[in-house]
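Chain by chain, the residues:
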Amino acid sequence: MIGLISATAAGAAARDRLAVAWPDRTRVYDGPVGEAVRRAFAECEQLVCFLATGAVVRLVAPLLGDKASDPGVVCVDEGGRFAVSLVGGHAGGANALAAEVAGLLGAAPVVTTATDAVGLAGLDTLGLPVEGDVAGVSRALLDGEPVVLDAEVAWPLPPVPFAGRGAYTVRLTDRAVEPAPREVLLRPPSLVVGVGASRGAPAEEVLEVVEGALRDAGLSPRSVAELATVDAKAEEPGILEAAKRLGVPVVTYSAAELAAVEVPNPSDAPLAAVGTPSVAEAAALVGGGELLVPKRKSAGVPATATCAVVRRPVRGRLAVVGLGPGARDLLTPRAEDELRRASVLVGLDQYVDQIRDLLRPGTRILESGLGAEEERARTAVAEARKGHAVALIGSGDAGVYAMASPALAEASDDIDVVGVPGVTAALAAAALLGAPLGHDHVSISLSDLHTPWEVIERRVRAAAEADLVVTFYNPRSRGRDWQLPKALAILAEHREPSTPVGVVRNASRPDGTARISTLAGLDPATVDMMTVVTVGNTATRNIAGRMVTPRGYRWQEEPA
């Protein structure tokens, strides 16, 4: 919950805008400001104070305890010009909250945390438990000193400028070790603990066998991702309480799923009880991985709990990101987030140049030229399979004549895939032309490099006969100059010569152009590969210089 505190009418007005926008996230604290801040500090995860920073400093200073547990505090000035991250930038989420508040109020976010200020991913913001000399290693990164990544376990991380050798180390490990001087330990959620339990098994006994297995194997409880068991035990109190104390979820599988998993230590007892010869080992192994601790029983007499521990396979992450038509303000916030999250960026060289300034230090860039689309797709998937966080970029929407299709054709279920939509060239062009896509429409690429012309021509004829608005991608190049005239001739068999045709080049970019011609008047020689051509249907009109296709086919009478 976010506590909102204000002292003046102007502050209250801005406060209320947040309260209306985030009704489920915020709580307004009225009354004397000092008392309001104290109550909110005790009850909320974050605070937004519409007060001077000096006043907030004095009010919260006596309340501060531990940076790991103190709420994040953001200050907004009386004029609503700035949202200042004051306390708890990372641990309290104040840096991210300042950006959110600024976006909603039209203010400028002010973040002074050193790593955020220079675009580095903070070691305490990677989403992993962290131990050791975080301040010292972060300072080394900021000072440009070499910091080594010692990855005992592969795991997708955001970009950090690691070096091959150096005096400082970031160690990615699930082993129960203490950090050395000048070292940070990152704990990936790489361990799955399978558990079985008799009805009524005490939580203490379940927890004892789990913690004992981890301790004896030299594994850190902070790297446990989940407790896994059979669905018949989904409501077993001892298992649920043990998971709660460990701070992990309980994941369940059907007996049939578990029975299909090959295990080293099957048993007749669970087969008779729940229908599978293994619960602990099978539940831990159902997603694959390395069995680190075979089934072991708890110390009770009789034993009421079993467990097994598996190091699960690393799952890399592939984000297929649409960059939009080229204008920076049409690049979505989600796309920007994915670009900053990726430690490996794969893309066409000219698209990489568009967003190079958004990448964090340490991002590895794998760029190539036109014609290497399949190679880029294979490279992106291969990098994700190595356990990296990868962004594969394409213009417009990555799923429209871009990189999503070849990448997903290469990918299997051993990596996580995220699609990030972008504004397509057709949509960007349509916005400039007016409203040409107001009714049913279709996009057709005229490039026959990968699709036979016979197939393309059949699709153009079908669109012509169906009276669809058509947007042509890849309409004409120096080596392909006859396809567009042919496609326009096919449409002309079903549409009047006066049918509006929109021609947009470099939509949304500074050198972009947009014009409306007609089916009879368009000169194909004025079109190139940076252009999209939108041909209206029989209802499309040129109204006041704008291309408009009505939502219905019964066109209202035009005014005299």
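Residues numbered from 1 in each chain as written. Predicted model: local features only at pLDDT ≥ 70, side-chain atom pairs only at ≥ 80, totals over all residues. Heavy atoms only, no water.

**Some thoughts on the nonpolar core**
Ranked by internal contacts, the top residues of the largest apolar core, which has 23 residues, are V193, V195, V210, L214, L227, C307 and V309. Of all elements in the fold, only β11 (191-197), α7 (203-216), β12 (224-230), α8 (237-246) and β15 (305-311) reach the threshold of two or more residues within this core. For this core, the element with the highest residue contribution is α7, accounting for six residues. Residues contacting V210, with those up to four places away along its chain left out, are V193, V195, L246 and C307. Core analysis: the second largest hydrophobic core is formed by 22 residues, V460, A464, L468 and I490 among them. (Core = buried A, V, L, I, M, F, W, Y, C linked by side-chain atoms within 4.5 Å. Buried < 20%, exposed > 50% of the residue type's maximum accessible area, 1.4 Å probe, protein only. Helix = DSSP H or I, 4+ residues; strand = E, 2+ residues; numbered from the N terminus. Contact = heavy atoms within 4.5 Å.)

**A few points about the environment of A382**
Structurally, the position occupied by A382 is in helix α14 (residues 373-385). For A382, a relative accessible area of 34% gives the class partly exposed. Considered as a pair, A382 and A539 are 157 residues apart in the sequence and their alpha carbons are 48 Å apart.

**Some words on the confidence of the model for the protein**
For the protein, per-residue confidence averages 90 on the pLDDT scale, and 97% of positions sit at 70 or higher. Put simply, helix α5 (residues 114-117) is where the protein has its lowest mean pLDDT, 60, and helix α17 (residues 453-465) is where it has its highest, 97. (pLDDT = per-residue confidence, 0-100.)

**Observations concerning the environment of A430**
Counting through the fold element by element, A430 comes out in helix α16 (residues 425-433). Here A430 falls in the buried class, since its relative accessible area comes to 9%. Along the primary structure A430 and A203 are separated by 227 residues, whereas in three dimensions their C-alpha atoms are 62 Å apart. Filtering out sequence-adjacent residues up to four positions away, A430 remains in contact with A435, P436 and L437.

**A closer look at the pairing of strand β23 (residues 469-473)**
With five of its five residues buried, β23 lies for the most part within the structure. Read from strand β22 (residues 441-445) through α17 to β23, the crossover connection turns out right-handed. In this sheet, strand β26 (residues 531-535) lies alongside β23 in antiparallel orientation, the contact comprising three bridges. Within β26, the residue paired with F472 across the bridge is V533. (Right-handed = clockwise from strand over helix to strand, strands pointing away. Pairing = 2+ DSSP bridges.)

**Comments concerning the packing of α7 against α8**
Between two packed helices, the angle of one axis relative to the other and the distance separating the axes together describe the packing. Direction vectors running N to C along α7 and α8 enclose 55°, while the axes themselves pass 8 Å from each other. As the angle between them shows, α7 and α8 are arranged oblique. The crossing of α7 and α8 is right-handed. Two secondary-structure elements touch here, α7 through A203, E204, V206, L207, V210 and E211 and α8 through G238, I239, E241, A242, R245 and L246. Looking at side-chain class alone, the contact of α7 with α8 contains seven nonpolar, one polar and four charged residues. (Axes fitted to C-alpha atoms, helices over the stretch in contact; angles between N-to-C directions. Parallel < 35°, antiparallel > 145°, perpendicular 65-115°, else oblique. Left-handed = near helix turned anticlockwise from the far one by under 90°. Nonpolar A, V, L, I, M, F, W, Y, C, P; charged D, E, K, R; others polar.)

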